[in-house]
Amino acid sequence: MLLAFASTSEIIRVVLIIVCIACALCLIAVLVYSAIIARRKKNDGEQPMDETESENADTDVITDNTDVATDSIVMSRNVMYSAGVNGQFAVGTYTVSNADGSSEKFNMRVNGLVREYENGDIITFAEGDTVSPVSGSVSLNKFGD
């Protein structure tokens, strides 16, 4: 009814405003949809971690076994090392010491358990045992050297 009294230019102006509003709403809908799709793609590759994975999430694992024949090894903090044929050091008895010499006591994770060690403590490693320094770099020296 109101359009009957409006001029042609006013009708065109109203239609143009309605078309602009519809285009703006479509643009907003496309942006929201693309953001949802991007978030889903980002989350598809991530698997939820359980407690044991979250505890060791920042621990690297060394798989290169070129240094197995050595009698001593300096281990970096938060890097997992293993003993044996496929490990980084040979099976046997070792003395441990803080590599940087800053303190007499330090923490290491041996076979998943964190414990405090002192310079000169003796540890025996069997095939497949794992060790990871927690509080700093640690030196393993073959016992008896």
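Refer to the preceding data block for the structure.
Residues numbered from 1 in each chain as written. Predicted model: local features only at pLDDT ≥ 70, side-chain atom pairs only at ≥ 80, totals over all residues. Heavy atoms only, no water.

Focus: the sheet that holds strand β2 (residues 72-75)
- Overall, antiparallel pairing links the four strands, which are arranged β2-β9-β4-β7 in an open sheet. Of all strands in the sheet, those with a lone pairing partner are β2 and β7 (121-125), marking the two edges. The mean inter-strand angle of the sheet, taken between neighbouring strand axes irrespective of direction, is 30°.
- In this sheet, strand β9 (residues 138-142) lies alongside β2 in antiparallel orientation, the contact comprising four bridges. When the sheet's bridge partners are listed, M75 is paired in β9 with V138. (Pairing = 2+ DSSP bridges. Helix = DSSP H or I, 4+ residues; strand = E, 2+ residues; numbered from the N terminus. Axes fitted to C-alpha atoms, helices over the stretch in contact; angles between N-to-C directions.)

Overview of the environment of Q88
- Among the structural elements, Q88 can be located in the loop between β3 (79-82) and β4 (92-98).
- Look at Q88 and you get buried, because its relative accessible area is 3%.
- When the C-alpha atoms of Q88 and I73 are compared, they prove to be 8.5 Å apart, with 15 residues separating the residues in sequence.
- At 2.7 Å, the side chain of Q88 and the backbone nitrogen of S82 are in polar contact. (Buried < 20%, exposed > 50% of the residue type's maximum accessible area, 1.4 Å probe, protein only. Polar contact = N/O pair within 3.5 Å; in protein donor to acceptor, adjacent residues only side chain to side chain.)

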